[in-house]
Amino acid sequence: MSILFNQIFSLENLDKAYNQSLKANGKYKDEALKFQRNETVNLRRLRESLYNQTYRFSGYSAFKVYEPKERVINAPHYKDKIVQLALNNVLKDIFVPTFISDSYACIDNRGTHKAVERVQRNLKKAAWEYGKDTFICKVDVSKFFYSIDREILKRMYRKKVKEPDVLWAMDVITDSGSLVDEVGLPLGNTMSQLCANIYMDALDQYCKRYLKYKYYVRYADDVVIVLPNKEAAVKAKKLCATFLEDHLNLRTNPKKSQIFPIDQGVNCFGFKIYKTHRLLRDDSKKKIKRKIKKMPDLIARNKMTVEKANQMLGSWSGHAKYANSTNFLQSVLDKRPYTMLENKQLKINEGELKCYTEKMSSLN
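Every value quoted in this text rests on a predicted model; they were computed, and no experiment measured them. (Residues numbered from 1 in each chain as written. Predicted model: local features only at pLDDT ≥ 70, side-chain atom pairs only at ≥ 80, totals over all residues. Heavy atoms only, no water.)

Visitor: Please clarify how the overall build of the protein chain should be interpreted in this entry.
Guide: Check the secondary structure of the protein chain and you find 15 helices and eleven strands. Here the protein chain holds 364 residues, and the buried ones make up 48% of them. Expressed as a percentage of contacts within the protein chain between residues at least 6 apart in sequence, the contacts between residues at least 24 apart total 70%. Summing over all exposed atoms, the protein chain offers an accessible surface of approximately 19400 Å²; the carbon and sulfur share of this is 49%. (Helix = DSSP H or I, 4+ residues; strand = E, 2+ residues; numbered from the N terminus. Buried < 20%, exposed > 50% of the residue type's maximum accessible area, 1.4 Å probe, protein only. Contact = heavy atoms within 4.5 Å. Areas by Shrake-Rupley, 256 points an atom, 1.4 Å probe, with all protein chains shown as cover.)

This is the structure in structure tokens:
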């Protein structure tokens, strides 16, 4: 076996992957518990199957999620999750250094909020450099994960990985997509995130190295480019669409791929971003209002704990603070048993919640 294969499927890395899988074992509760009963033996057997290449992918379990939009998630079985985590732990150190610095999705120490900050910085700098004629080009890929061509992907990662045994393991994961559909990658796969970045890196390199776009940011399948004028933005939109179609077998979403004058700002990555400020998107505000309105009733009926509610409120408040959202956060508090901490984090006011619960009980 190659040195890289031994590194990926060493006992140390498999054990690390196993421990990582336990952090999200809610999705795999029954399978995880069964695996845990004899974890040492099960990990050894899994490792042996990888080394003698008798390992076979077990299939997927499908379920729906509704945030940020309705999607079908195809989650791998527990042992396959461990294999993918082990692969990802090592392979990301090979691929991520080759990505451009303005690719932000599913990369350590980057993420949505840094992408938002970068877009706003680009708007400010471009406006100063190009003036009032500055335009924004936004490119969105239609049904991105469901449209990835697996054969193109396999050719791409073969440019960096040469070891046949490692490629065999990567191909097993990639080809498992055929259990779901003829094309595309399952959204529930850990490796799908890294593979998506490998795939879209071709567009990044084309735009940054060949077209020399100075103000370019990509998060997953969303691209935002700031350009000197409308003509340049129209051309960029066309060039990106042509490259995606010709080289990656992808299509842009005509409704979401648009150009805008810089003063109009751009809707992306969960925010409406302007040169001078950021706002929460209207759909985001509507969703959190619906959730927050339901929370006290769910707690009163023992369908949600205060701890879970505070966890959700904290997560959303952390997202909201990246926008100019003080007035909106204050409006959320009105007539509801919540309080806002100094760091603008929302939290259940347990005193008011008790009064609310008692009121609900008397009505019932």
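So that's the structure; there's more coming.
Visitor: Help me understand the sheet that holds strand β7 (residues 266–268), please; the structure alone is not making it clear to me.
Guide: Two strands in a sheet stick together by hydrogen bonds in their backbones, pointing the same way (parallel) or opposite ways (antiparallel). In space, the three strands of this open sheet follow the order β7-β8-β9, with antiparallel pairing throughout. Lying at the two open borders of the sheet, with one neighbouring strand each, are β7 and β9 (278–280). Going from strand to strand, the sheet's axes swing by 25° on average, the running direction of each strand aside. Summarising the sheet, β7 and strand β8 (residues 271–273) pair through three bridges and their orientation is antiparallel. In the strand pairing of β8, Asn267 is matched with Lys272. Seen against the sheet, helix α6 (residues 112–130) touches β7, β8 and β9 and runs at an angle of roughly 20° to β8. (Pairing = 2+ DSSP bridges. Axes fitted to C-alpha atoms, helices over the stretch in contact; angles between N-to-C directions.)

Visitor: Looking at this structure, how should I read the pairing of strand β3 (residues 135–140)?
Guide: As a general feature of sheets, a regular strand has side chains that alternate between the two faces. Taking burial as the measure, the six residues of β3 include six buried ones, the bulk of the element. Sheet analysis places β3 next to strand β5 (residues 222–227), joined by six bridges and oriented antiparallel. Each residue of the ladder has a partner; that of Phe135, found in β5, is Leu227.

Visitor: Can you walk me through the sheet that holds β3 in this structure?
Guide: Spatial strand order, β4-β5-β3-β6: four strands in an open sheet with antiparallel pairing. With one partner strand each, in any of the chains shown, β4 (215–219) and β6 (258–261) form the two edges of the open sheet. Pairwise comparison of adjacent strand axes, ignoring direction, gives a mean angle of 15° for this sheet. Helix α11 (residues 230–248) contacts β3, β5 and β6 of the sheet and is inclined by roughly 15° relative to β3.

Visitor: Sorry, what's going on with α11 here?
Guide: Helical geometry: 3.6 residues make up each α-helical turn, so side chains three or four residues apart lie on a common side. Here α11 is 19 residues long and its end C-alpha atoms lie 26 Å apart, about the 27 Å a rise of 1.5 Å per residue gives. Taken as a whole, α11 has its buried residues at Ala233, Ala236, Cys240, Phe243, Leu244 and Leu248. The buried residues of α11 occupy an angular sector of 95° when the element is viewed end-on, so they sit on one face. Facing away from the buried side of α11, by more than 90 degrees, are the exposed residues Glu231, Lys235, Lys238 and Asp246. Packing partners of the buried residues in α11 comprise β3, α8 (150–157), α10 (190–210), β5 and β6. With a side-chain oxygen lying 3.2 Å from the backbone nitrogen of Glu231, the N-terminal cap of α11 falls on Asn229. Phi for Asn249, located one or two positions after α11, is positive at around 60°. (Expected span 1.5 Å × (residues − 1). Arc of directions from axis to C-beta. Polar contact = N/O pair within 3.5 Å; in protein donor to acceptor, adjacent residues only side chain to side chain.)

Visitor: Would you take a moment to explain the packing of aromatic side chains for this structure?
Guide: For any pair of aromatic rings, geometry is given as the distance between the ring centres together with the angle between the planes. Within this structure, the stated rule accounts for ten aromatic pairs. Seen from their ring centres, Tyr18 and Phe35 are 5.6 Å apart, and the 35° between their planes marks the pair as tilted. Here the residue Tyr18 occupies a position in helix α2 (residues 11–22), and Phe35 occupies one in helix α3 (residues 29–36), the gap between them amounting to 17 residues. Each member of the pair Tyr18 and Phe35 is classed as buried. Relative to Tyr60, the ring of Phe57 lies with its centre 4.9 Å away and its plane at 40°, an arrangement referred to as tilted. For Tyr60, a relative accessible area of 17% corresponds to the buried category. (Phe/Tyr/Trp six-rings, centres within 6.5 Å; stacked < 30°, edge-to-face > 60°.)

Visitor: Would you mind showing me how to read the nonpolar core here?
Guide: Most often, soluble globular proteins keep nonpolar side chains buried together rather than apart. The biggest cluster of nonpolar side chains holds 73 residues, and the ones touching the most others in it are Phe9, Leu87, Leu91 and Leu203. Counting residues per element, this core draws most heavily on α10, which supplies ten residues. Leu87 has contacts with Ile8, Phe9, Ala169, Met170, Ile173 and Met191, leaving out every residue within four places of it along the chain. (Core = buried A, V, L, I, M, F, W, Y, C linked by side-chain atoms within 4.5 Å.)

Visitor: Which parts of the structure should I look at to understand the pattern of salt bridges?
Guide: What the rule picks out here adds up to 14 salt bridges. The closest approach of N and O atoms between Asp108 and Lys92, which form a salt bridge, is 3.1 Å. Linking Asp108 in the loop between α5 (78–95) and α6 with Lys92 in helix α5, this pair joins segments that are 16 residues apart in sequence. Of the residues examined, Lys92 reaches a relative accessible area of 24% and is grouped as partly exposed. Here Glu151 makes a salt bridge to Lys154, at a shortest N to O gap of 3.2 Å. (Salt bridge = Lys/Arg side-chain N within 4 Å of Asp/Glu carboxyl O.)

Visitor: How should the side chain of Arg278 be read in this particular structure?
Guide: Inspection of the secondary structure puts Arg278 in strand β9. Reaching out from Arg278, the side chain makes a polar contact with the side chain of Gln120 at a distance of 2.7 Å. A polar atom in the side chain of Arg278 sits 2.6 Å from the backbone oxygen of Tyr322. Once you skip the residues sitting within four places of it in the chain, Arg278 turns out to touch Val116, Glu117, Gln120, Lys272, Ile273, Tyr322, Ala323 and Asn324.

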